[in-house]
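# Examining the three-dimensional arrangement
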Amino acid sequence: MKTLSVDVSPSGVARVEMARPQVFNAFDETMIGELDEAFERLAADPQVRVVVLAGQGKAFSAGADLAWMQRASAATQAWNLADARRFAAMLDRIADCPRPTVARVHGVALGGGVGLVCACDLAVASEDAKFAVSEAKFGILPSVIGPYLTNAVGKRQAKRLALTATRIGAAEARELGLVQQVVAIDALDAAVDALAAELLQNGPCAQAEIKALFGRFEIGEITAEVRELTAQTISRVRMGDEAREGFAAFFAKRPPPWTKGSA
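The shown structure was predicted, so the numbers you read here are calculated from the model rather than taken from an experiment.

Counting secondary structure elements, the chain contains 11 helices and 9 strands. The C-alpha atoms of the chain give 19 Å as radius of gyration, which agrees with the globular expectation for 263 residues (18 Å, within 12%). Principal-axis analysis of the C-alpha atoms gives the chain an extent of 65 × 45 × 35 Å. Looking at the chain as a whole, 43% of its 263 residues qualify as buried. A total of about 14,000 Å² of accessible surface is found on the chain, and carbon and sulfur atoms cover 56% of it.

Structure below.
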């Protein structure tokens with residue numbers, strides 16, 4: 001791949017690194033296509049248990065490559081629509097990945113880079129990380145990343161970040177729910193590794209079911225349809241092989257089979 005480095009450890013932790021450090025991992029058409037391809041392949045690999053998304057060099061991602069955006073501004077509406085659909089499909093691919101996904105954030109996450117953070121299930125940031133939903137500074141808006149941002153921080157905070165385009169630090173990002181953990185820069189890899197190890201202790205089928213089920217929830221009234229969905233899901237899952245193995249391991253006081261080799 002031209003813009004990514006992808007590696008899978010023996011324990012099943014895949015590390016996807018954006019590899020355009022010379023432009024702070026700003027993404028263009030090529031990186032969008034390669035991210036989509038990488039996450040599709042990793043989702044289909046039964047050996048992969050966790051996916052970590054990171055950036056090489058001094059930053060996580062500066063968002064959209066401005067040269068790409070300039071090309072878009074001079075292109076046709078049909079070209080722009082097809083291009084935006086590819087970006088939207090890539091974010092959906094990350095969010096819909098059946099494996100737990102972790103964003104490792106350092107330096108800056110700007111514009112679409114914030115969208116990548118929000119599309120992941122979990123995010124760990126270094127203390128010096130900065131975040132900005134910066135599209136309005138260029139006369140555009142965070143349209144494709146908007147739903148992911150809103151899901152992460154809520155509608156009112158999402159609008160504040162988008163309307164002001166202000167930069168916030170890692171501590172405020174944690175308060176808003178944009179990231180869940182903030183550590184010193186020299187402890188970032190250890191924190192991500194510890195989180196991955198924690199994720200490896202749980203049933204992979206159960207984690208996939210959690211992502212699929214929780215993805216259908218909305219904040220608000222718990223309707224009869226939602227209650228039925230949850231009842232149908234747990235009744236199906238607890239009869240599966242993974243559940244039987246998990247309960248058998250518990251009562252036998254031994255580790256469940258999916259933890260083998262994850263230490």
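For the rest of this paragraph, the subject is helix H8 (residues 188-199). Counted at 1.5 Å a residue, the expected span for H8 with its 12 residues is 16 Å, and the 17 Å between its end C-alpha atoms agrees. Every buried residue of H8 is accounted for by Leu188, Ala191, Val192, Leu195, Ala196 and Leu199. Within H8, the buried residues cover an arc of 135° as seen down the axis, which keeps them to one side. In this structure, the buried side of H8 is in contact with strand S2 (13-18), strand S3 (50-55), strand S4 (101-105), strand S6 (122-126), strand S9 (181-183) and helix H9 (204-214).

Glancing now at unusual backbone geometry. Even without being a glycine, Phe24 presents a positive backbone phi close to 55°. Structurally, Phe24 can be placed in the loop between S2 and helix H1 (29-44). The backbone of Ala165 sits at a positive phi, close to 55°, despite the residue not being glycine. In this structure, Ala165 sits in the loop between helix H6 (155-164) and strand S8 (167-169).

With that out of the way, let us pick up the sheet that holds strand S7 (residues 130-132). Taken in spatial order, the 3 strands line up as S5-S7-S8 in an open sheet, and their pairing is mixed. Two strands lie at the open edges of the sheet, namely strand S5 (108-110) and S8, each paired on one side alone. Sheet twist, expressed as the mean angle between neighbouring strand axes with direction ignored, is 20°. Taken together, the 3 bridges between S7 and S8 define a ladder with antiparallel strand orientation.

Next up on the list: the sheet that holds S6. Pairing is mixed across the open sheet formed by 6 strands, whose spatial order is S1-S2-S3-S4-S6-S9. Because the sheet does not close on itself, it has two edges, and the strands there are strand S1 (4-8) and S9. Adjacent strand axes in the sheet meet at a mean angle of 20°, parallel and antiparallel pairs treated alike.

As a further point, take the environment of Arg236. Residue placement: Arg236 occurs in helix H10 (residues 224-237). In this structure, the C-alpha to C-alpha distance between Arg236 and Ile210, residues 26 residues apart in sequence, is 13 Å.

This paragraph deals with the environment of Lys260. Position of Lys260 relative to the elements: it lies in the segment after helix H11 (241-251). Judged by relative accessible area, Lys260 falls into the exposed class, the value being 68%. For the pair Lys260 and Gln201, spaced 59 residues apart in sequence, the C-alpha separation works out to 8.9 Å.

Inspection of every chain in the model, using the stated rule, returns 13 salt bridges. We note a salt bridge from Asp28 to Arg20, for which the minimum N-O separation is 3.7 Å. Just as Asp28 is buried, Arg20 falls in that class too. Residue Asp36 is joined to Arg93 by a salt bridge in which the shortest nitrogen-to-oxygen separation is 3.3 Å. In this pair, Asp36 is assigned in helix H1 and Arg93 in helix H3 (residues 77-95), connecting sequence segments 57 residues apart. A relative accessible area of 18% means that Asp36 is categorised as buried. When salt bridges with common partners are traced through the structure, they connect Arg15, Glu17, Arg104 and Asp189 into a single cluster.

Analysis parameters
Residues numbered from 1 in each chain as written. Predicted model: local features only at pLDDT ≥ 70, side-chain atom pairs only at ≥ 80, totals over all residues. Heavy atoms only, no water. Helix = DSSP H or I, 4+ residues; strand = E, 2+ residues; numbered from the N terminus. Rg over C-alpha atoms; globule rule 2.2 N^0.38 Å. Buried < 20%, exposed > 50% of the residue type's maximum accessible area, 1.4 Å probe, protein only. Areas by Shrake-Rupley, 256 points an atom, 1.4 Å probe, with all protein chains shown as cover. Expected span 1.5 Å × (residues − 1). Arc of directions from axis to C-beta. Contact = heavy atoms within 4.5 Å. Pairing = 2+ DSSP bridges. Axes fitted to C-alpha atoms, helices over the stretch in contact; angles between N-to-C directions. Salt bridge = Lys/Arg side-chain N within 4 Å of Asp/Glu carboxyl O.

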